[in-house]
Amino acid sequence: MDAEASPSSIASHLRRALGAARHALAATSRLVLDIALPTLCVSCREPVNGEGVCAACWAKLSFIAPPFCPRLGIPFVYDPGPDLLSMEAIANPPAFSRARSAVRYDDVARTLVHALKYQDRTDLAPAMGRWMARAGKELLGEADMLVPVPLHWRRGWSRRYNQSGALAQVISRHSGVKVASEALRRVRATEQQIGLSRPQRASNVQGAFKVAADRMADIHGRRVILIDDVLTTGATVDACARVLLRAKAAQVDVLTFARVVESHKAPI
């Protein structure tokens, strides 16, 4: 072990230790509540056993399955044949190679994402991550590492954990692909993307991400999967992908729990 540690390394260890302590406290609190109170469905608030979604709400989740755009993972309303790209993929090719998502971002999916993201419902991560692992099976079979989309340290402090990191850990357990949580950093605080237009979203995240200097070797030549909760316009994951590719990643794919799908757009 080195006799001296760099300030950034010490700060990184402290962040991880504080995050672990907070996660343990939150888990203990939830256990006490689970003993005293029945678990309710996150969406409809009916009592439920298990993973926080009742059978009725689970049936309302719109899982994404073929046929879909091989580049963006956007579902098609009919099968256009192999390798045909969506209009979006042709008009605005992303920096990443492929994107896959488990479900459409509908009312139930939105409730799940918000509960995980803002309400400390980390108990939802195992189910959501498992669905993501199934949706991304093709990508995971070729991947070297999972990189969660990072939060800025101030937002991470207020939320107490990174929901993308929680999902990545579950996916790693199901796939065997390791998580590189510290490979990518958000070096500039950004506005919330909610409510911003596509150009505003792209501008908002420009220059916000960086590969840590001591992680360059980990990225070089590796096939990376970016993990996030929701894909809307793709501005955030595209900005992350560009940074990883500049660090000489061999390939960058994207795996999210949900994606926004505009109604009934046919392939070109």
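Counting restarts for each chain: residues are numbered from 1 in the order of the written sequence. With pLDDT at 70 or above as the cut-off, local features in this predicted model cover only qualifying residues; side-chain atom pairs require 80 or more to be listed or tallied, and sums for whole chains, interfaces and linings still use all residues. Side-chain descriptors were evaluated using all non-hydrogen atoms of the structure, hydrogens and water having been removed beforehand.

(A) Quick look at unusual backbone geometry. In this structure, the amide linkage connecting Pro66 to the following residue, Pro67, adopts the cis form with an omega of 10°. You can see Pro67 is positioned in the loop between α2 (55–60) and α3 (87–91). Even without glycine at this site, Asp83 takes up a positive phi of about 65°. If you trace the backbone, Asp83 turns up in the loop between α2 and α3. Under the scheme used here, helices are H or I runs from DSSP no shorter than 4 residues and strands are E runs no shorter than 2 residues, and both carry numbers assigned from the N terminus.

(B) The pattern of salt bridges, seen in detail. What makes a salt bridge here is a side-chain nitrogen of Lys or Arg within 4 Å of a carboxyl oxygen of Asp or Glu, nothing more. Per the stated rule, a full pass over the model turns up 10 salt bridges. Among the salt bridges present, the one from Glu142 reaches Arg98, with a minimum N-O distance of 2.9 Å. Linking Glu142 in the loop between α6 (137–140) and β2 (145–148) with Arg98 in the loop between α3 and β1 (99–104), this pair joins segments that are 44 residues apart in sequence. Taking the shortest distance from any N to any O, the salt bridge between Asp107 and Arg110 comes out at 2.8 Å. Placement of the pair is Asp107 and Arg110 together in helix α4 (residues 107–118), with a separation of three residues, close to one helical turn. We classify Asp107 as exposed; its relative accessible area is 56%. A single network of salt bridges, built from pairs that share partners, joins Arg98, Arg100, Glu138, Glu142 and Asp253. The classification of residues rests on relative accessible area computed with a 1.4 Å probe and restricted to protein chains. Under 20% of the type maximum is buried, over 50% is exposed, and intermediate values are partly exposed.

(C) Seen up close, the sheet that holds strand β6 (residues 223–231). One open sheet holds the five strands; their spatial order is β1-β7-β6-β2-β3, and the pairing between them is parallel. Every other strand in the sheet has two partners, leaving β1 and β3 (178–179) as the edge strands with one partner each. Here β2 pairs with β3 via two bridges, running parallel. Counterpart to Leu146 in the pairing with β3 is Val179. Note on contacts: a residue pair qualifies if any of its non-hydrogen atoms lie within 4.5 Å across the two residues. Each axis is a line fitted through C-alpha atoms, taken for helices only over the stretch in contact, and angles between the N-to-C directions span 0 to 180 degrees. On the sheet, α4 packs against β1, β6 and β7 (251–259) and is oriented at approximately 105° with respect to β7. Sheet strands touched by helix α8 (residues 163–175): β2, β3, β6 and β7. Its angle to β6, the strand with the most contacts, is close to 125°. Between any two strands, pairing holds if DSSP finds at least two bridges.

(D) Region of the structure containing the environment of Gly221. Of note, Gly221 is situated in the loop between α10 (216–219) and β6. Taking the C-alpha atoms as reference, Gly221 lies 6.0 Å from Lys248; in sequence the two are 27 residues apart. If sequence neighbours within four positions are ignored, Gly221 has contacts with Asp144, Lys248, Ala249 and Ala250.

(E) Region of the structure containing helix α11 (residues 235–246). To estimate how far a helix should extend, the number of its residues minus one is multiplied by 1.5 Å. For α11, built from 12 residues, the straight-helix expectation of 16 Å at 1.5 Å per residue is met to within 8% by its first-to-last C-alpha distance of 17 Å. Most of α11 sits out of view: nine of its 12 residues are buried. With its phi angle positive at about 75°, Lys248 sits one or two positions after the end of α11.

(F) Structural detail: the packing of helix α5 (residues 125–135) against α8. Closest axis-to-axis distance for the α5/α8 pair is 8 Å, and the angle between their directions is 60°. Overall, the two elements α5 and α8 adopt an arrangement that is oblique. For the crossing formed where α5 meets α8, the hand is right-handed. Between α5 and α8, the contacting residues are Ala125, Pro126, Met128, Gly129, Arg130, Met132 and Ala133 on the first element and Ala166, Leu167, Val170, Ile171 and His174 on the second. Across the contact of α5 with α8, the residue classes break down as nine nonpolar, two polar and one charged. If an angle is under 35 degrees, it is roughly parallel; if it is over 145, roughly antiparallel; if it lies from 65 to 115, roughly perpendicular; otherwise it is oblique. Rotating anticlockwise by less than a right angle from the far helix to the near helix defines a left-handed crossing, while the corresponding clockwise rotation defines a right-handed one. Classification used: nonpolar for Ala, Val, Leu, Ile, Met, Phe, Trp, Tyr, Cys and Pro, charged for Asp, Glu, Lys and Arg, polar for all others including Gly.

(G) Fine view of the packing of aromatic side chains. Between the rings of Phe, Tyr and Trp (Trp by its six-membered ring), a pair exists once the centres lie within 6.5 Å; its type follows the angle of the planes, with under 30 degrees stacked, over 60 edge-to-face, and the other angles tilted. Taken as a whole and assessed by the stated rule, the structure comprises three aromatic pairs. On the basis of an interplanar angle of 50° and a centroid distance of 5.7 Å, the ring pair of Trp58 and Phe63 is categorised as tilted. Residue Trp58 is classed as partly exposed on the basis of its relative accessible area of 42%. In textbook terms, an aromatic cluster arises when at least three aromatic residues are bridged by ring pairs, as seen for Trp58, Phe63, Trp131 and Phe257. Only Lys NZ and Arg CZ are tested; either one counts as a charge over a ring when it is within 6 Å of the ring centre and within 35 degrees of the ring normal. When the ring centre of Tyr105 is taken as origin, the NZ or CZ atom of Arg110, which lies over that ring, is 5.1 Å away.

(H) Quick peek at the side chain of Ser172. Here Ser172 is to be found in helix α8. We call two N or O atoms a polar contact when they sit within 3.5 Å, provided that within protein one can donate a hydrogen and the other can accept it, with sequence-adjacent residues counted only if both atoms are side-chain atoms. Here Val177 takes part through its backbone oxygen, which lies 2.6 Å from a polar atom of the side chain of Ser172. Those residues in contact with Ser172 that sit more than four places away from it in its chain are Leu146, Val177, Lys178 and Val179.

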